[in-house]
Amino acid sequence: NYKHVVDGTSSGINAEYGRETGIGKSTLMDCLFKADFDDEVHTHTQPGVEVSQRVYGLKEGNVKLKLTLVDSVGYGDQINKENSYDPLVAYIDEQFETYLQEELKIKRNLVTFHDTRIHVCLYFLVPTGHSIRSLDLVTMKALDKKCNIIPIIAKSDTISKSELDNFKANIMEELQRNGVEIYTFPTDDDTVAEVNKEMNDMMPFAVVGSREDVKVGEGVVRGREYPWGVVEIENEAHCDFVKLREMLIRTNMEDLREVTHKRHYEMYRRGKLKQMGIADDGAHGPVSLQETYEQKRAEHLKDLKTIENEMRSSYLQKVSRKDAEVKKKLNEMQVKYDGLRKAANEERDKLEEEKKKVKSPGSSQCQVAIERGGSW
């Protein structure tokens, strides 16, 4: 059993589950992780489709898991269901863009970065017993190039075993006929090839969810109690819940993350590169995001260098002009100073001459006569 924790986690899985309110999505999530996620109760009166995200830190023994549950609130509840999948597609693209922006940072740390990209979409199908609804086909077609879709027949205990078998066959036939690509469990690893091939043949999974413990014989099990008996959710003879849990959580969680990164995110990334005017060169292999980043960085540094040189040249020209003006002013001041100094020297020399004349003998007799009151 997973328990809620608040400390750091070592791995993460992000699950999106789609279909209308009341189909049993939240109940199944609680059963998958044996936890109570306290999901908010929604009504069928939503004016449009809203995407709700909740993040949980879970722990089982020494294994820590960061789980992100993304719910399509109000999906399929409107009279006009046209483009009901647009908010789902937009949300997935937003998570791709967030991851891309982190990759483009000069200082990035993708190890501790909270990856919010959708790793799996559990698409709940109403157990009609006949065929897939048109809305489901259109939505899955819009999502199959963006995330790993695993179709699930919800509340499978509401139809008979023969109807369920026919319903499964019809679903797979319609998906194939309409070109909808769902996630297939990998068979290239010998350790899981056999069981994964068997599980691929059992798709879509028919599940039953329940939060209630029911007494069966001398034991207590999770299940749904009816007047005619009990449907045990972990009894493989009753539904495919155990198979889904094994495939999703224990066997193929890492492959879901890998396919998300190498296929779906790569397709989004290439689209972004194409918008930037960069395309994969078949002769030299695909252009990596790192190469693109280095190329753009080199171009940016070149532009900065050009601007720096222009600013340095402009600055030197201004300094040169200012220096010339200062030198001109200094020269003018020097000329003025020299003129003033020359005039001062001439005035001093003139005064010296007059002083000498005053001190001459004739000048002394005149001074004595004046002092006696006589005349010259």
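Residues numbered from 1 in each chain as written. Predicted model: local features only at pLDDT ≥ 70, side-chain atom pairs only at ≥ 80, totals over all residues. Heavy atoms only, no water.

Let us now look at the overall build of the chain. Each helix and strand counted, the chain has 9 helices and 10 strands in total. If you take every contact in the chain between residues at least 6 apart in sequence, the share linking residues at least 24 apart comes to 68%. Counting only carbon and sulfur atoms, one obtains 52% of the accessible surface of the chain, whose full area is about 22,900 Å². (Helix = DSSP H or I, 4+ residues; strand = E, 2+ residues; numbered from the N terminus. Contact = heavy atoms within 4.5 Å. Areas by Shrake-Rupley, 256 points an atom, 1.4 Å probe, with all protein chains shown as cover.)

A separate point is the nonpolar core. Membership of the largest hydrophobic core comes to 73 residues, with the highest contact counts inside it found for L28, L32, F37, L122, I150 and F205. At 7 residues, the largest contribution of residues to this core is made by helix α2 (residues 86–104). Non-local contacts of L28, meaning those with residues more than four positions away in its chain, are made with F124, I152, V207, F241 and L244. (Core = buried A, V, L, I, M, F, W, Y, C linked by side-chain atoms within 4.5 Å. Buried < 20%, exposed > 50% of the residue type's maximum accessible area, 1.4 Å probe, protein only.)

Taken as a whole, this structure holds 7 aromatic pairs when the rule is applied. Centre to centre, the rings of Y183 and F185 are 5.4 Å apart; their planes meet at 85 degrees, and the pair counts as edge-to-face. One exposure class covers both Y183 and F185, and it is buried. Ring geometry for F185 against F205: centres 6.1 Å apart, planes inclined by 50 degrees, an arrangement best described as tilted. Of the two residues, F185 is situated in the loop between α4 (161–177) and α5 (193–202) and F205 in strand β7 (residues 205–206); the sequence distance between them amounts to 20 residues. F205 shares its class with F185; the two are buried. What links up through ring pairs into an aromatic cluster is the set F96, Y99, F113, Y265 and Y268. Directly above the aromatic system of Y265 lies the positively charged group of R117, at a separation of 4.9 Å from the ring centroid. (Phe/Tyr/Trp six-rings, centres within 6.5 Å; stacked < 30°, edge-to-face > 60°. Lys NZ or Arg CZ within 6 Å of the ring centre and 35° of its normal.)

Applying the stated rule across the entire model yields 21 salt bridges. The residue K145 makes a salt bridge to D144 at a minimum N-O spacing of 3.8 Å. The partner of R312 in a salt bridge is E308, with the nearest N and O atoms 3.0 Å apart. With R312 and E308 both in helix α8 (residues 289–358), this residue pair falls 4 residues apart, about one helical turn. Here E308 falls in the partly exposed class, since its relative accessible area comes to 35%. (Salt bridge = Lys/Arg side-chain N within 4 Å of Asp/Glu carboxyl O.)

Before going further, it helps to spend a moment on the confidence of the model for the chain. On average, residues of the chain carry a pLDDT of 81, and 81% of them reach 70 or more. When mean pLDDT is compared element by element in the chain, α4 scores highest at 92, while strand β1 (residues 3–4) scores lowest at 36. This stretch, residues 1–10, has a pLDDT under 50; its non-local contacts, to residues over four places away or in other chains, come to 30 contacts. (pLDDT = per-residue confidence, 0-100.)

We now examine the pairing of strand β8 (residues 213–216). Direction of pairing for β8 relative to strand β9 (residues 219–226): antiparallel, over a ladder of 4 bridges. Each bridged residue has a counterpart across the sheet, and for V216 the counterpart in β9 is G219. Hairpin remark: β8 followed by β9, antiparallel, with 2 residues in the connecting loop; positive phi at G217, about 65 degrees. (Pairing = 2+ DSSP bridges.)

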